[in-house]
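# Architecture and fold: a report
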There are 4 protein chains.
Amino acid sequence: MSFNTFGHLFRVTTWGESHGPALGATVDGVPPGVPVSEDELQLWMDKRKPGQNRYTTQRQEADLVRILSGTFEGQTTGTPVQLMIENTDQRSKDYGDIAQKFRPGHADITYWQKYGIRDYRGGGRSSARETAARVAAGGIARAALKVLAPQVEIVGYMTQIGPYGIERTRFDWGQINENPFWCPDATAAEEWAGYMDKLRKSGNSVGAIIEVVARNVPAGLGAPIYAKLDTDLAAAMISINAVKGVEIGEGMNAACLTGEENADEIFLGNDGQPVYSSNHAGGILGGISTGQDVVVRFAVKPTSSILKTRQTITKTGEAAEIITKGRHDPCVGIRAVPVGEAMMACVILDHILLQRGHIGGAVGETRGRIG
Amino acid sequence: MSFNTFGHLFRVTTWGESHGPALGATVDGVPPGVPVSEDELQLWMDKRKPGQNRYTTQRQEADLVRILSGTFEGQTTGTPVQLMIENTDQRSKDYGDIAQKFRPGHADITYWQKYGIRDYRGGGRSSARETAARVAAGGIARAALKVLAPQVEIVGYMTQIGPYGIERTRFDWGQINENPFWCPDATAAEEWAGYMDKLRKSGNSVGAIIEVVARNVPAGLGAPIYAKLDTDLAAAMISINAVKGVEIGEGMNAACLTGEENADEIFLGNDGQPVYSSNHAGGILGGISTGQDVVVRFAVKPTSSILKTRQTITKTGEAAEIITKGRHDPCVGIRAVPVGEAMMACVILDHILLQRGHIGGAVGETRGRIG
Amino acid sequence: MSFNTFGHLFRVTTWGESHGPALGATVDGVPPGVPVSEDELQLWMDKRKPGQNRYTTQRQEADLVRILSGTFEGQTTGTPVQLMIENTDQRSKDYGDIAQKFRPGHADITYWQKYGIRDYRGGGRSSARETAARVAAGGIARAALKVLAPQVEIVGYMTQIGPYGIERTRFDWGQINENPFWCPDATAAEEWAGYMDKLRKSGNSVGAIIEVVARNVPAGLGAPIYAKLDTDLAAAMISINAVKGVEIGEGMNAACLTGEENADEIFLGNDGQPVYSSNHAGGILGGISTGQDVVVRFAVKPTSSILKTRQTITKTGEAAEIITKGRHDPCVGIRAVPVGEAMMACVILDHILLQRGHIGGAVGETRGRIG
Amino acid sequence: MSFNTFGHLFRVTTWGESHGPALGATVDGVPPGVPVSEDELQLWMDKRKPGQNRYTTQRQEADLVRILSGTFEGQTTGTPVQLMIENTDQRSKDYGDIAQKFRPGHADITYWQKYGIRDYRGGGRSSARETAARVAAGGIARAALKVLAPQVEIVGYMTQIGPYGIERTRFDWGQINENPFWCPDATAAEEWAGYMDKLRKSGNSVGAIIEVVARNVPAGLGAPIYAKLDTDLAAAMISINAVKGVEIGEGMNAACLTGEENADEIFLGNDGQPVYSSNHAGGILGGISTGQDVVVRFAVKPTSSILKTRQTITKTGEAAEIITKGRHDPCVGIRAVPVGEAMMACVILDHILLQRGHIGGAVGETRGRIG
């Protein structure tokens, strides 16, 4: 990963600020012959779009994505796909009174220190609007996966909001799209709604945990040592705004387990192929996919823009108080769900391309066979 | 990061297997004029070396590092530094009976599936011996930091072993080198010793959490969006063998906090420069260092090689039982401490070079000034 | 260099096709605080713009460049600069009759074989329109050089068109902008005009040689072995459409020289710094700039689209004849001059950033001093 | 290409100096299951080895290559292959009297300026000994090509030495191994022998042109725009020590041709696949291979170390005279032939891997079919 680009063969470079004319992604390494359309991409964009319910920012952005290059007659050509999203609801004035003050918990102060530039219009490049470009790029990755590995399914959902986690025994895939939190536990979703209503009214915000699962990922993806599938997934997720932790499988909890508890035992399935007694590994051993579900989890910190008075300083070195008005997500984690899915799609596709480049064979085929 | 290389300007490529003639690191992008010696590197190697106490593997490796290139008259020349560590205590016979079976929790099965090669001599490239090369490379990074940013201090320690965490109120920097666990809490260290003795005798293993802190890191390091300091640190840490989770500052716990609790307030220090009320951010905002301590934490899963009977399968597709004898670390997390420090050193140095390349100015100088 | 990106720290990714809605460049690694404006970039664009005289294609393109990101209040912010150029005069119908046939000397057949896509609308991604994006990116590089190394001057010119070369004794910097060929030899320029008029009327085309010189480049740029300044310059130039050869200093002619003739002798200048008796080396020794003029030369093949009947085949495997009507440059080399300059600017800037990243010091300062 | 690494998926990093303990190459991205042996690599090493006849340096180096990693039971494992060549005949004393003086035409002065280090022991990293590592890496590439694309043949030869070129009508593949110049024209080889004998005795040196051809390269290799096959080949060749110019197909001569002369007409072969009337393009159109012979040519400047008195300066800024005694190649171009072949092998293999990664399909299969 270098600066504003991630990926090895499927390479995504995002560009743009929250308050410039547009932002987008330059997507290189897209395989040719993949059917894509702006309409199909828009479905993913709409999942992330602000203003869809009372738990997300009320900024109104159509987030319409345009394909400027890399397709011909509805198919990718193998050349770079440029995806552009125009900014339409910028209201810089909302941010006027923070031009001189650094918002605590924001990148204002570090961007100022690093670049000597204070783009006060809403965070500039550090704004979570950048994630719109990721979702667009993820749409391209999904379209390519549909052709190359149609069995792969990628689903993200929230597992915790503030102190309230889901109950795994109530986990229901069917619930994820049925509530504003992408929550697989209907009971928790109700609990969260009540909690969030209070929180929002108090002008406060809260963190969250998102889990993204990729199912039916072929065994063999991932290239040790520094392009392990888990390394690339962790980097992809923690590069998302406000993410402070990332886990594969058992994650931090692996510390508490013994070897006997943790190592997934291996059995033979009816097809003579390996099945595992459990998935503590999150579908990855030695940086390479096992064929089990690939499970990644990440924590999103609470939005730092809150309606609470906070202590800060100004560019000119004076103490100050700040309340960030504007229009903000009380839990930015909610809109991080489709972003996490997009990053998963990009990483999986990238590793499918790497795998067939380095090792060869059809997608999903393993070079070493069992039995 | 690509395959066996990490870093942008300071680039480390590791190579070698646990049971081949040697392993090492090719370190490119080292600034010229840095005093280095094999003796100095050896100090770091010795921290990671196996067989130093009863809580680590009894494999005997001198882990002598040789500098084959890139220095002249005791200083780096600016050209690639080749670091070679010969393998001396290989005892392949210990591994003989696992040649056909896949060890649960190990990379055996995924390497076989991916590469169609079964290097049964102890994990081959997936062995944690690879981390010796990281420690050697980290020694070069430390030597360069001593010249470029001598104020930077990097210290790693364990904060949890199995279910037993340290008590933060008992945290004592002076204790870290006083016990075999690099534990900053003397009471916890004693508790751990008792726990580990029992565990070792039972033939089981356990996971751990390591925290690595870099102090006095200049503000302004890190390049959004996909070369954020936290992204690169997370990738560096999770690329270490057996790491399943990584956290910056509050980490996964950020999910539980409100915005009011989480955002570190900013004040003016006596020198007119920012000081923070707290460090939930782990020293990084928007991917860029704030000047506070950079705090990274990672979980290491329990060693999968244990003296317990486990179910597995063979290459030829038959069910089998396995007990992994050999000489293994009951808690591989202990020896991950110097590895985490080495990765921190490499990432910090790399970002110092990137910063002066992209932005210019002396090391530690910020382009945007406060006051 | 990887796919559609070049550069190390100053990284340019171009995108877009000749007949899509737009094309452009994503420019990453731009130092912050560089004044840039669309008007200033336009000056460079206009040098390359088609239809300016009777020796270039009559396609009418305003080639207006828009800055979509990476600037704030007229200065770069340090984040990616997106440069977009809309295509306005596309006339796909001109290309209608070649949809099934492969034009000899064009990328039609290889793109078809590689991608299985035949974008018949004028070459798609392989069109020389891509070079507009390079010129825009080069404008950003020039703006940055103006701040970082204002003494650097970059000038390109033609030295040969078909069999007619310039006479070095008549070389006059002042003539370069005075004729439609960027020719430094007024006599040759007249000769070329007569030759080109005949050639154009006959429907044929011709090749050319372009020389690009960078003056006052600081000593010390270039990073051996695979990021030598000459390696990067050669790669940059030969990546331009239709370039078939590239030379540094003496170039291919170095084969004919003896060591005594070729090695530039070194003397002391009045300032105690090295001066050279000659510049056979083209300003680069061991991949590193000497401080002399950096001299690169490249040959552009004749435009393959000509009004002559040529033998070819069709996609369906039939023999066919083809005449390429459309609007084409009789000597595409002419418009390659500003493209070569742009590439030189990008490479020099990139190496200035690399140099201060890897070695440190102010721009232009050398670490090793003489005297 | 970045610093000491080249290649996209097949990545070679070289390290080492002429007078350190060893030098070598770290080869990453090698496909698994490729049979390799030190003996087989040695055959290529021996082609480049010094001291084989009176036209090359009399330095005696066995140039024995050791494989330190990345193989198991005689096959590559898919992990990095470390190739080490120990330096045995270093005789630093030969260089003693040049420790203070910069040799004209050498990298001494620029390395000093850049790095502030003067490794006077024979050029250090800038020595042509570095090319031994390329040849070793090329041997790995050749071994992989033998498995993946066994029909590919790579042959290099000299076409010019000083002012004496070969006569194409006398070209005979069978002659190349029959004379000390890898010359395909027996008559020219005799002429060269006489010329070189005189030159050597006079203490002078001379330049040369080398041509490298890859035959039976599948159509479709190369990834526009900045990873064109010609871009990567040009960069690979010009990165070789002393190379000052590089050409694809017609090369610089393309400037002299008209479009009618230059564009290779396309016909149908008996197998219904394209055949070309000529190969002005050097087997590459739009950066992508056509299936014709890939033809690259490069000029090597004369060795700068000659037994002639030359003017120079010292580190301390004094005028001086220098005669470079030591043991030098009177025409370093001779030993550049196997180096050029090695670079061709690396680039072709890399693009085969890229092609199957990005596009898929079996090696040699094209996605777009004709007929």
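Residues numbered from 1 in each chain as written. Chains lettered and ligands numbered in written order. Predicted model: local features only at pLDDT ≥ 70, side-chain atom pairs only at ≥ 80, totals over all residues. Heavy atoms only, no water.

### Let's talk about the overall build of chain A
What chain A contains, in helices and strands, is seven helices and 18 strands. Relative to its length of 371 residues, chain A is compact, with a C-alpha radius of gyration of 21 Å against a globular reference of 21 Å. Summarising its shape, the C-alpha atoms of chain A cover approximately 70 × 50 × 35 Å along the three principal directions. By the burial criterion, 70% of the 371 residues in chain A qualify as buried. Considering only residue pairs separated by 6 or more positions, chain A has 70% of its internal contacts joining residues 24 or more positions apart. By element, 48% of the accessible surface of chain A is carried by carbon and sulfur atoms, the whole surface being about 10,800 Å². Between the mean site of the 38 positive side-chain charges and the mean site of the 41 negative ones, chain A shows a separation of 8 Å. (Helix = DSSP H or I, 4+ residues; strand = E, 2+ residues; numbered from the N terminus. Rg over C-alpha atoms; globule rule 2.2 N^0.38 Å. Buried < 20%, exposed > 50% of the residue type's maximum accessible area, 1.4 Å probe, protein only. Contact = heavy atoms within 4.5 Å. Areas by Shrake-Rupley, 256 points an atom, 1.4 Å probe, with all protein chains shown as cover. Lys, Arg positive; Asp, Glu negative; His and termini not counted. Charge placed at Lys NZ, Arg CZ, Asp CG, Glu CD.)

### Brief notes about the relation of the copies chain C and chain B
For the pair of chain copies, the relating transformation is a rotation about an axis with a translation along it. Its rotation angle being 180°, the transformation that places chain C on chain B also includes 0.0 Å of axial translation and leaves an RMSD of 0.0 Å. Classification of the inter-copy transformation places it as that of a two-fold axis. Residues of chain C ranked by C-alpha distance from the rotation axis are headed by G357 of chain C, positioned 1.8 Å from it. With an isologous cut-off of 70% or more, the 100% of interface residues of chain C that recur at the interface of chain B puts this contact in the isologous class. (Least-squares fit on C-alpha atoms with pLDDT ≥ 70 in both.)

### A few points about the sheet that holds strand β4 (residues 65-67) of chain D
Taken together, five strands build an open sheet; the order of strands is β1-β2-β3-β7-β4 (chain D) and the sheet is antiparallel. The open sheet is flanked by β1 (5-6) and β4 of chain D, the only strands paired with a single partner. (Pairing = 2+ DSSP bridges.)

### Observations regarding the interface of chain C and chain B
Contacts between the two partners involve 15 residues from chain C and, on the opposite side, 15 residues from chain B. Both faces combined, the contact of chain C with chain B buries some 1,200 Å², and carbon together with sulfur accounts for 58% of it. Viewed at the interface, chain B and chain C are joined by zero salt bridges. On the surface where chain C and chain B come into contact, there are nine residue pairs in polar contact (both at pLDDT 80 or more). Across the side of chain C that touches chain B, the residue classes break down as seven nonpolar, six polar and two charged. (Buried area = accessible area lost by both parts, 1.4 Å probe. Salt bridge = Lys/Arg side-chain N within 4 Å of Asp/Glu carboxyl O. Polar contact = N/O pair within 3.5 Å; in protein donor to acceptor, adjacent residues only side chain to side chain. Nonpolar A, V, L, I, M, F, W, Y, C, P; charged D, E, K, R; others polar.)

### Focus on the relation of the copies chain D and chain C
Once chain D has been moved 0.0 Å along the axis and rotated by 180°, it coincides with chain C to within an RMSD of 0.0 Å. A shared binding surface is used by both copies, with 100% of the interface residues of chain D retained as interface residues in chain C.

### Quick notes on the packing of aromatic side chains
Geometry of an aromatic ring pair is reported as the spacing of the ring centres plus the angle between the planes. All chains considered together, the criterion is met by 28 aromatic pairs over all chains. Among the aromatic side chains, those forming a connected cluster through ring pairs are Y157, F171 and W173 of chain A. The ring centre of W44 of chain A lies 3.8 Å from the NZ or CZ of R142 of chain A, which sits over that ring. Directly above the aromatic system of Y115 of chain C lies the positively charged group of K114 of chain C, at a separation of 5.9 Å from the ring centroid. (Phe/Tyr/Trp six-rings, centres within 6.5 Å; stacked < 30°, edge-to-face > 60°. Lys NZ or Arg CZ within 6 Å of the ring centre and 35° of its normal.)

### Quick notes on the nonpolar core
Among the nonpolar cores identified, the biggest contains 401 residues, and F181 of chain A, F181 of chain B, F181 of chain C together with F181 of chain D are the most heavily contacted of them. Once you skip the residues sitting within four places of it in the chain, F181 of chain C turns out to touch Y55, M158, I161, A189, W192, A193, M196 and I334 of chain C. (Core = buried A, V, L, I, M, F, W, Y, C linked by side-chain atoms within 4.5 Å.)

### Looking at the layout of surface pockets
Residue and element names in this part refer to chain B. If you add up the space inside the largest pocket, you get close to 460 Å³. Together, 25 residues line the largest pocket, and R168, E247, E250, N253 and R297 are the ones closest to its centre. Those elements that place two or more of their residues in the lining of the largest pocket are β8 (153-161), β10 (208-215) and β16 (294-300). Its residues assigned to classes, the lining of the largest pocket comprises eleven nonpolar, six polar and eight charged. (1 Å grid on protein atoms, 1.4 Å probe; cavity = no way out; pocket = protein on both sides within 12 Å on 5 of 7 lines; lining within 4 Å. Points joined across faces, edges and corners; volume = space filled by probe spheres on them.)

### Quick word on the interface of chain D and chain C
Each partner contributes to the interface: chain D provides 117 residues, whereas chain C provides 117 residues. Interface area for chain D against chain C, summed over the two sides, is near 9,200 Å², with a carbon-plus-sulfur share of 61%. Of all residues in chain D, the largest losses of buried area upon contact with chain C belong to F3, K114 and Y226 of chain D, amounting jointly to 11% of the total for that side. The tally of links between chain D and chain C comes to three salt bridges. The element that contributes the greatest number of residues to the side of chain D that touches chain C is helix α2 (residues 108-115) of chain D, accounting for seven residues.

### A closer look at the environment of V147 of chain C
Residues and elements named next belong to chain C. As for its placement among the helices and strands, V147 is situated in helix α3 (residues 130-148). Assessed through its relative accessible area of 44%, V147 is described here as partly exposed. Sequence separation of V147 and W182 is 35 residues, and the distance between their C-alpha atoms is 26 Å. In this view, V147 contacts V34 and P35; residues no more than four positions away in its chain are not counted.

### Quick word on the pattern of salt bridges
Counted according to the given criterion, the structure contains 75 salt bridges over all chains. Residue E341 of chain A pairs with K47 of chain A through a salt bridge whose shortest N-O separation is 3.1 Å. Pair noted here: E341 of chain A is in helix α7 (residues 333-358) and K47 of chain A is in helix α1 (residues 38-48), with a separation of 294 residues, a long-range link. Exposure remark for E341 of chain A: the relative accessible area of 2% places this residue in the buried category. Put simply, R297 of chain D and E211 of chain D hold a salt bridge, and the shortest N to O gap is 2.8 Å. You can see R297 of chain D sitting in strand β16 (residues 294-300) and its partner E211 of chain D sitting in strand β10 (residues 208-215), a full 86 residues away along the chain. Taken individually, R297 of chain D and E211 of chain D each receive the classification buried, so the pair is uniform in this respect. What you see here is one network of salt bridges that share partners, running through R168, E211, E247 and R297 of chain A.

### Some points on the confidence of the model for chain A
Any region with low pLDDT has predicted coordinates that should not be read closely. With 96% of its residues at a pLDDT of 70 or more, chain A shows a mean pLDDT of 93. This complex was scored by the predictor with a pTM of 0.97 and an ipTM of 0.96. (pLDDT = per-residue confidence, 0-100.)

### Points about the environment of R200 of chain B
Mapped onto the elements of the fold, R200 of chain B is located in helix α4 (residues 186-201). In contact with R200 of chain B, other than residues within four places in its own chain, are R54 and P330 of chain B.

### Here's the deal with helix α5 (residues 229-238) of chain C
Of all ten residues that make up α5 of chain C, ten are buried, and the element is covered over most of its length. Those residues of α5 of chain C lying buried are L229, D230, T231, D232, L233, A234, A235, A236, M237 and I238 of chain C.

### Quick look at the sheet that holds strand β4 (residues 65-67) of chain B
All names here are of chain B. Ordered by their spatial adjacency, five strands build an open sheet running β1-β2-β3-β7-β4, and the pairing between neighbours is antiparallel. Looking at which strands have only one partner, the edges of the open sheet turn out to be β1 (5-6) and β4. When β1 meets strand β2 (residues 11-16), the two strands line up antiparallel, connected through two bridges. Bridging from a neighbouring strand, T5 pairs with T13 of β2.

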